[in-house]
Amino acid sequence: MSLTASAFDTLELKDVGRSFGGREALADLNLTIRAGEFIALLGPSGCGKSTALNCLAGLLPLTHGEILIDGKRIDVLPSEKRDFGMVFQNYALFPHLSVAKNVAFGLEVRGVAKAEIKRRVSEAIALVKLEEHAKKLPGQLSGGQQQRVAIARAVVLEPRIVLMDEPLSNLDAKLRLDMRTEIRRLHQSLGLTTVYVTHDQEEALSLADRLVVLREGRVQQIGTPTELHNNPANWHVADFMGYRNLLDMELTEVSGSEARVSGHGLSLAATLAQPAKPGDTVRMAMRPHDLNVVNDHTVTTGRNVFTATVGVVEYQGREFAVEVTTSTGQRLFVHAETAPRVGEEVTLVLDPARALVYQQNLDAGVSEEEREHQELAEVGS
Ligand code: ATP
């Protein structure tokens, strides 16, 4: 494969910020991306993901901070001089040009020699498996195929970095999965540094080497998929990572990281994920998979065992997602190996190691200094 990215070692975003009319859409983004990394910017609608990507692309000027490649500032360069490839949600193809001509367009604009254009275009089209469709117009292709053209058009320019803004959000569920694999395969074979914006945590976890979770324009956590999945930094990240059960409880005992919490008629063993002291009102986060319906009917009491009534049962392939209600009326999302009956009382067991206790106040427990320290540790790792 001769499509290769121009070499660099690191791309640094230093205190990057962008305001609109005095309101900060993005603040203090500090991130060092190593060449070849796949980074996902993740967060709910309006958290600043696209703003961050557009600042990187040069489509939006920064109101604060610097962007550097190998120590040289690039935020002062216009978009076309940054040598980045872009893939958007809406494909943005030329409807009157064939697939091959769409892919060739950027090279023609750059004045690349005809023979080289021909070679690079056919290579890029082969890479996204569209050889049979090269002569077709975009309108004759499916959504997934059009998105592949958009990807070929970005990688044919051999950019230093590829930026993708929700590239799969217009595709149906099956195609999304196929294209996800395709994007990961491309990334593995070309080693292209990629920054990928999505609000879909599963997509981000499956694609990225590292994830950056944003909320209201601020970084909440930067880490590998496993780090974020297993040890969310605060309850907001936990919520976003699929910890669907968030319960406000009173912290009654603390011993090291072991905690006991009570509330909603329950007294449970849990694990401190942020510093807190007895008497604090805390937020406990639990994934449905760590709150299981017990099938063995001999288990009726014990540590972290309690009962609840089944409300809704959803079939999910080999298992069941179940909504239950506790005796005090608290709804919980739990997991079952076999289908319980609606209205039935079931026994639940909670893994104390996976019941994570957080400060309710999102910004408590993580000081600016700790954040910087965390970022430096990540860069050094
Ligand atoms: P989505 O997933 O919905 O695209 P996002 O996380 O990408 O959301 P941004 O588009 O970055 O969010 O927007 C962040 C914030 O900045 C939002 O509150 C948005 O309303 C605001 N914003 C974005 N672009 C502009 C603009 N051109 N003018 C004014 N406000 C803007």
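The rules behind each value
- Residues numbered from 1 in each chain as written.
- Predicted model: local features only at pLDDT ≥ 70, side-chain atom pairs only at ≥ 80, totals over all residues.
- Heavy atoms only, no water.
- Helix = DSSP H or I, 4+ residues; strand = E, 2+ residues; numbered from the N terminus.
- Buried < 20%, exposed > 50% of the residue type's maximum accessible area, 1.4 Å probe, protein only.
- Contact = heavy atoms within 4.5 Å.
- Lys, Arg positive; Asp, Glu negative; His and termini not counted.
- Charge placed at Lys NZ, Arg CZ, Asp CG, Glu CD.
- Domains from an automatic or database assignment.
- Pairing = 2+ DSSP bridges.
- Axes fitted to C-alpha atoms, helices over the stretch in contact; angles between N-to-C directions.
- Expected span 1.5 Å × (residues − 1).
- Phe/Tyr/Trp six-rings, centres within 6.5 Å; stacked < 30°, edge-to-face > 60°.
- Lys NZ or Arg CZ within 6 Å of the ring centre and 35° of its normal.
- UniProt positions renumbered as here; feature names shortened; annotations may be inferred.
- Salt bridge = Lys/Arg side-chain N within 4 Å of Asp/Glu carboxyl O.
- Near = heavy atom within 4 Å.
- Polar contact = N/O pair within 3.5 Å; in protein donor to acceptor, adjacent residues only side chain to side chain.
- Areas by Shrake-Rupley, 256 points an atom, 1.4 Å probe, with all protein chains shown as cover.
- Nonpolar A, V, L, I, M, F, W, Y, C, P; charged D, E, K, R; others polar.
- Parallel < 35°, antiparallel > 145°, perpendicular 65-115°, else oblique.
- Left-handed = near helix turned anticlockwise from the far one by under 90°.

Engineer: Would you take a moment to explain the overall build of the protein chain for this structure?
Structural biologist: On a plain count of helices and strands, the protein chain comes out with nine helices and 20 strands. Based on the C-alpha atoms only, the size of the protein chain along its principal axes is roughly 75 × 45 × 35 Å. The proportion of buried residues among the 381 residues of the protein chain is 51%. Summarising the internal contacts of the protein chain: among those between residues at least 6 apart in sequence, 68% fall at separations of at least 24. Across the protein chain, 40 positive and 50 negative side-chain charges occur, with their mean positions spaced 8 Å apart.

Engineer: Would you mind going over the domain arrangement of the protein chain with me for this structure?
Structural biologist: By a widespread convention, an interface's size corresponds to the accessible area lost as its parts come together. Here the protein chain is described as being made up of domain 1 (10-230) and domain 2 (245-359). Using C-alpha coordinates to define each centre, domain 1 is positioned 39 Å away from domain 2.

Engineer: Looking at this structure, I do not really get the sheet that holds strand E5 (residues 72-73). What am I missing?
Structural biologist: What links the strands of a sheet is backbone hydrogen bonding, and the strands pair in either a parallel or an antiparallel sense. If you trace the four strands from one edge of the open sheet to the other, you get E2-E1-E4-E5, paired in antiparallel fashion. Edge positions in the open sheet fall to strand E2 (23-34) and E5, since each of these has one partner strand only. Pairing of strand E1 (residues 10-20) with E2 involves eight bridges; the strand directions are antiparallel. Counterpart to Arg18 in the pairing with E2 is Leu26. Against the sheet, helix H1 (residues 49-57) engages E1, E2 and strand E4 (64-69), with an angle of about 120° to E1.

Engineer: What is the right way to read helix H5 (residues 173-190) from this model?
Structural biologist: Because each turn of an α-helix spans 3.6 residues, side chains separated by three or four positions end up pointing in the same direction. Taking 1.5 Å of rise per residue, the 18 residues of H5 would be expected to cover 26 Å, and the 26 Å separating its terminal C-alpha atoms lies within 8% of that figure. In the core, the buried residues of H5 are packed alongside strand E3 (38-42), helix H3 (114-127), helix H4 (143-155), strand E7 (161-165), strand E8 (193-198) and helix H6 (201-207).

Engineer: How should unusual backbone geometry be read in this particular structure?
Structural biologist: Phi is mostly negative for residues that are not glycine, and the peptide bonds are mostly trans. One non-glycine residue, Asp70, adopts positive backbone phi at about 45°. Relative to the helices and strands, Asp70 resides in the loop between E4 and E5.

Engineer: What should I look at first to understand the packing of aromatic side chains in this one?
Structural biologist: In this description, a pair of aromatic rings is defined by centroid distance and the angle of the planes. Counting across every chain of the model gives three aromatic pairs. Note on Tyr315 and Phe320: the rings are 5.5 Å apart at their centroids and 50° apart in plane angle, and the pair reads as tilted. Across the ring face of Phe333, the terminal group of Arg244 is positioned such that the distance to the ring centre comes to 3.7 Å. Taking NZ or CZ as reference, Arg283 lies 4.5 Å from the ring centre of Trp235, over its face.

Engineer: How do you make sense of the UniProt feature "domain: ABC transporter" (unreviewed entry) in the protein chain when you look at a structure like this?
Structural biologist: Here the UniProt feature "domain: ABC transporter" (unreviewed entry) sits at residues 11-241. Regarding residues 11-241, the helix share stands at 36% and the strand share at 27%, and the terminal C-alpha atoms are separated by 27 Å.

Engineer: Teacher, can you tell me more about the pattern of salt bridges here?
Structural biologist: Side-chain pairs of opposite charge can arise where the charged atoms are in close proximity. Counted according to the given criterion, the structure contains 24 salt bridges. In this structure, Arg73 and Asp75 form a salt bridge, with 2.7 Å as the shortest nitrogen-oxygen distance. You can call Arg73 partly exposed: its relative accessible area is 39%. The closest approach of N and O atoms between Arg119 and Glu123, which form a salt bridge, is 3.5 Å. Here Arg119 pairs with Glu123, and both are found in helix H3, just four residues apart, close to one helical turn. Several salt bridges converge on common partners, so that one network encompasses Glu116, Arg119, Arg120, Glu123 and Glu158.

Engineer: How should the site of the ligand be read in this particular structure?
Structural biologist: If you check the shell around the ligand, you find Phe20, Arg23, Ala25, Pro44, Ser45, Gly46, Cys47, Gly48, Lys49, Ser50, Thr51 and Glu166 and nothing else. Take Cys47: an N or O atom from its main chain is 3.0 Å from an oxygen atom of the ligand. One of the side-chain nitrogen or oxygen atoms of Thr51 is found 2.5 Å away from an oxygen atom of the ligand. Contact with the protein chains removes 56% of the 630 Å² of surface that the ligand exposes when unbound. Looking at which element gives the most residues to the shell around the ligand, the answer is H1, with three residues. Each residue belonging to the shell around the ligand can be placed in one class, and the counts come to four nonpolar, five polar and three charged.

Engineer: Explain the packing of helix H2 (residues 99-109) against H4 to me, please; I cannot follow it from the model alone.
Structural biologist: The packing of two helices is summarised by the inter-axis angle and the distance between the axes. Where H2 meets H4, the closest approach of the two axes is 8 Å, and the angle between their N-to-C directions is 30°. With respect to H4, the element H2 is oriented roughly parallel. Regarding H2 and H4, the two cross each other, and that crossing is right-handed. Along the contact surface, H2 presents Val99, Asn102 and Val103, while H4 presents Val149, Ala152 and Arg153. Partitioning the contact of H2 with H4 into residue classes produces four nonpolar, one polar and one charged.

Engineer: Even after reading the chapter, I still don't get H4, so can you show me in this structure?
Structural biologist: Given a rise of 1.5 Å per residue, 13 residues ought to cover 18 Å, and the 19 Å separating the end C-alpha atoms of H4 matches this to within 8%. Most of H4 is tucked away, with eleven of its 13 residues classed as buried. Here H4 has its buried residues at Gly144, Gln146, Gln147, Arg148, Val149, Ala150, Ile151, Ala152, Arg153, Ala154 and Val155. Looking at the buried residues of H4, the elements they touch are strand E6 (84-87), H2, H3, E7 and H5.

Engineer: Sorry, what's going on with the environment of Thr338 here?
Structural biologist: Counting through the fold element by element, Thr338 comes out in the loop between strand E18 (331-336) and strand E19 (345-350). We classify Thr338 as partly exposed; its relative accessible area is 45%. Spatially, the C-alpha atoms of Thr338 and Asn292 are 11 Å apart, while their sequence positions differ by 46 residues. When neighbours within four sequence positions are excluded, Thr338 is seen to be in contact with Asn295 and Phe320.

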